[in-house]
Amino acid sequence: KKYRYSYEPDNITMPAFEKNSLFLDIETTGFSRTSTFLTIIGLAWMEEGKIIIEQWLNETGRQEEPLLLIELERFLKTTPALPQLIHYNGTTFDLPYLKAKYEQYHLPCSLSECTSFDLYHMAKKFRHFRAGARQYFRQSRTRFSARRRQRQTLDLWMPRSRAMVGMSLSWK
């Protein structure tokens, strides 16, 4: 079963969709490549100024699994040039899982010919910021509360002081 959605891109999503980029994600019934099933293949790409999202659903288990793989291969072959695959942890899980499934069913696979960009491996470089960010936000929340109290006090005081002193003060 195939589901297709299209969206108008906004300023946030538009830069993520470079020409010839294909976002790829899969869902499975488990981690083993030999004893689990591929349940969903999800794709997203830019076409004629719109973001297209397709999800291919395996409703029956093993019987439809090769059909999803054949559909993915057909999709890759019909693009003008093999796309750059963008995925999250696809280098470690999604791509090896798909390649193993192609082998299991003796199907041709062009995934190895595609260039690949793994968002997880890029984000992993910044994981040490997580604890630091949590601590920073705790401290900044305290600082923000103190600043808000200061500003509330000054907002009450400033108009009165301007009137009393006859000068123009501004709070920013």
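The structure reproduced in this document is the subject of the present report. None of the values given here were measured: they were computed from a predicted structure.

How each quantity is defined
Residues numbered from 1 in each chain as written. Predicted model: local features only at pLDDT ≥ 70, side-chain atom pairs only at ≥ 80, totals over all residues. Heavy atoms only, no water. Phe/Tyr/Trp six-rings, centres within 6.5 Å; stacked < 30°, edge-to-face > 60°. Helix = DSSP H or I, 4+ residues; strand = E, 2+ residues; numbered from the N terminus. Buried < 20%, exposed > 50% of the residue type's maximum accessible area, 1.4 Å probe, protein only. Axes fitted to C-alpha atoms, helices over the stretch in contact; angles between N-to-C directions. Parallel < 35°, antiparallel > 145°, perpendicular 65-115°, else oblique. Left-handed = near helix turned anticlockwise from the far one by under 90°. Contact = heavy atoms within 4.5 Å. Core = buried A, V, L, I, M, F, W, Y, C linked by side-chain atoms within 4.5 Å. Expected span 1.5 Å × (residues − 1).

Taken as a whole, this structure holds five aromatic pairs when the rule is applied. With centroids separated by 6.0 Å and ring planes inclined at 80°, the aromatic side chains of F31 and F93 adopt a geometry described as edge-to-face. Taken as a pair, F31 in the loop between β2 (21-28) and β3 (38-47) and F93 in helix α2 (residues 90-104) lie far apart in primary sequence, 62 residues in all. Exposure remark for F31: the relative accessible area of 74% places this residue in the exposed category.

Moving on: the packing of helix α1 (residues 65-78) against α2. It is the contact of α1 with α2, at a shortest axis distance of 10 Å, that shows an interaxial angle of 110°. Relative to α2, α1 is oriented roughly perpendicular. The crossing of α1 and α2 is left-handed. Mapping the contact onto sequence places E65, L69, L72 and E73 in α1 and Y97, L98, K101 and Y102 in α2.

Here we take up the nonpolar core. Judged by nonpolar contacts, the single largest core of 23 residues is most densely connected at L38, I41, L43, L72, L98 and L111. If you list the elements that add at least two residues to this core, you get β2, β3, β4 (50-57), α1 and α2. Discounting chain neighbours no more than four positions away, the residues touching L38 are I26, E27, T28, N58, E65, L68, L69, Y97 and L98.

Among the residues making up α2, those that are buried are G90, F93, D94, L95, Y97, L98, K101 and Y102. Immediately downstream of α2, the backbone of H106 shows phi near 55°, a positive value.

Here α1 is 14 residues long and its end C-alpha atoms lie 20 Å apart, about the 20 Å a rise of 1.5 Å per residue gives. Within the span of α1, buried status applies to E65, P66, L68, L69, L72, E73, F75 and L76. At its buried positions, α1 is contacted by β2, β3, β4 and α2.

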